[in-house]
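Overview (structure and organization)
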Amino acid sequence: MNSKNTWQKFFIVLRLLLISLIYFPTNTLLYFDFLMTENLFLLYLITYFIVVSLYIIFSEKKIFIILLISIELFFTCILFLEMGFYIRCMFRTPGEAGFGYLFIFPILLMLVCFFVWIKKDLRKKCD
């Protein structure tokens, strides 16, 4: 087995760990609302885990790269909707708007991660 290929698969699995490490400690402190409640987010992570597992098993197939990119785009849409929800709440309650930034910061971290991963996966698809 190619060691470079093994490392690439390992780093793809680390994506789940990184998103979990950003979400769960933050959710313990802040309790996300709307589309990122703990129950819904666990469903998103399970779906992402299944797609990543399929991608690792059938890595030669382009359809699984496309599936991986589409689930990452789904995550970015969820994160944008969640961030819009908190921005809307910040404008509705200006006295407590500073607390909205506490929610937006981890969402931005996850968005940056997904943008980087989408870019990497698009490069793989083009090759």
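Structure report, in brief. (Residues numbered from 1 in each chain as written. Predicted model: local features only at pLDDT ≥ 70, side-chain atom pairs only at ≥ 80, totals over all residues. Heavy atoms only, no water.)

So, the overall build of the protein chain
A tally of helices and strands in the protein chain yields four helices and zero strands. Start at the N end of the protein chain and walk to the C end: the helices and strands fall as α-α-α-α. Taken along its principal axes, the extent of the C-alpha atoms in the protein chain is 55 × 25 × 20 Å. A sequence separation of at least 24 residues applies to 74% of the contacts in the protein chain between residues at least 6 apart. Counting every atom, the protein chain has about 8,000 Å² of accessible surface; 73% of that belongs to carbon and sulfur. Each charge class in the protein chain was averaged separately, 12 positive and 8 negative side chains, and the resulting centres sit 11 Å apart. (Helix = DSSP H or I, 4+ residues; strand = E, 2+ residues; numbered from the N terminus. Contact = heavy atoms within 4.5 Å. Areas by Shrake-Rupley, 256 points an atom, 1.4 Å probe, with all protein chains shown as cover. Lys, Arg positive; Asp, Glu negative; His and termini not counted. Charge placed at Lys NZ, Arg CZ, Asp CG, Glu CD.)

Here's the deal with a nonpolar patch on the surface
A surface patch of nonpolar side chains, amounting to about 370 Å² of accessible area, comprises L42, I46, F49 and I50. For F49, a relative accessible area of 46% translates into the label partly exposed. (Patch = residues over 30% accessible without salt bridge, like charges linked within 9 Å, V, L, I, M, F, W, Y side chains within 5 Å. Salt bridge = Lys/Arg side-chain N within 4 Å of Asp/Glu carboxyl O. Buried < 20%, exposed > 50% of the residue type's maximum accessible area, 1.4 Å probe, protein only.)

Quick notes on the nonpolar core
If you look at the biggest cluster of nonpolar residues, it comprises 35 residues, and the most contacted ones within it are I19, M36, F41, Y48, I107 and M110. Of all the secondary-structure elements, those providing two or more residues to this core are α1 (3–30), α2 (38–57), α3 (62–92) and α4 (97–126). Residue contributions to this core peak at 11 residues, all from α3. The residues contacting M110, other than those within four sequence positions of it, are I19, I22, Y23, M36, F41 and L79. (Core = buried A, V, L, I, M, F, W, Y, C linked by side-chain atoms within 4.5 Å.)

Section: the state of the cysteines
Here the structure, examined in full by the defined rule, presents zero disulfides. Left without a disulfide partner, C89 is nearest to the cysteine sulfur of C77, which lies 20 Å away. Residue classification places C89 among the partly exposed residues on the basis of a relative accessible area of 29%. Its sulfur unpaired, C113 is 17 Å from the next cysteine sulfur, which belongs to C77. (Disulfide = S-S within 2.5 Å.)

A look at the environment of V13
Mapped onto the fold, V13 is located in helix α1. Its relative accessible area of 39% is what places V13 among the partly exposed residues. Once residues lying within four places of it in the same chain are set aside, the contact partners of V13 are V52 and I56.

Notes on the side chain of T76
Mapped onto the elements, T76 comes out in helix α3. Among the polar contacts listed, one links the side chain of T76 to the backbone oxygen of L73, at a separation of 2.6 Å. (Polar contact = N/O pair within 3.5 Å; in protein donor to acceptor, adjacent residues only side chain to side chain.)

Comments concerning the packing of α2 against α3
Between α2 and α3, the least distance of the axes is 9 Å, while the angle of their chain directions is 160°. If you check the angle between α2 and α3, you find them roughly antiparallel. Between α2 and α3 the crossing geometry is left-handed. Of the residues in α3, those in contact with F41, Y44, L45, T47, Y48, V51, V52, L54 and Y55 of α2 are F64, I65, L67, L68, I71, E72, F74, F75 and I78. Partitioned by chemical class, the residues of the contact of α2 with α3 number 16 nonpolar, one polar and one charged. (Axes fitted to C-alpha atoms, helices over the stretch in contact; angles between N-to-C directions. Parallel < 35°, antiparallel > 145°, perpendicular 65-115°, else oblique. Left-handed = near helix turned anticlockwise from the far one by under 90°. Nonpolar A, V, L, I, M, F, W, Y, C, P; charged D, E, K, R; others polar.)

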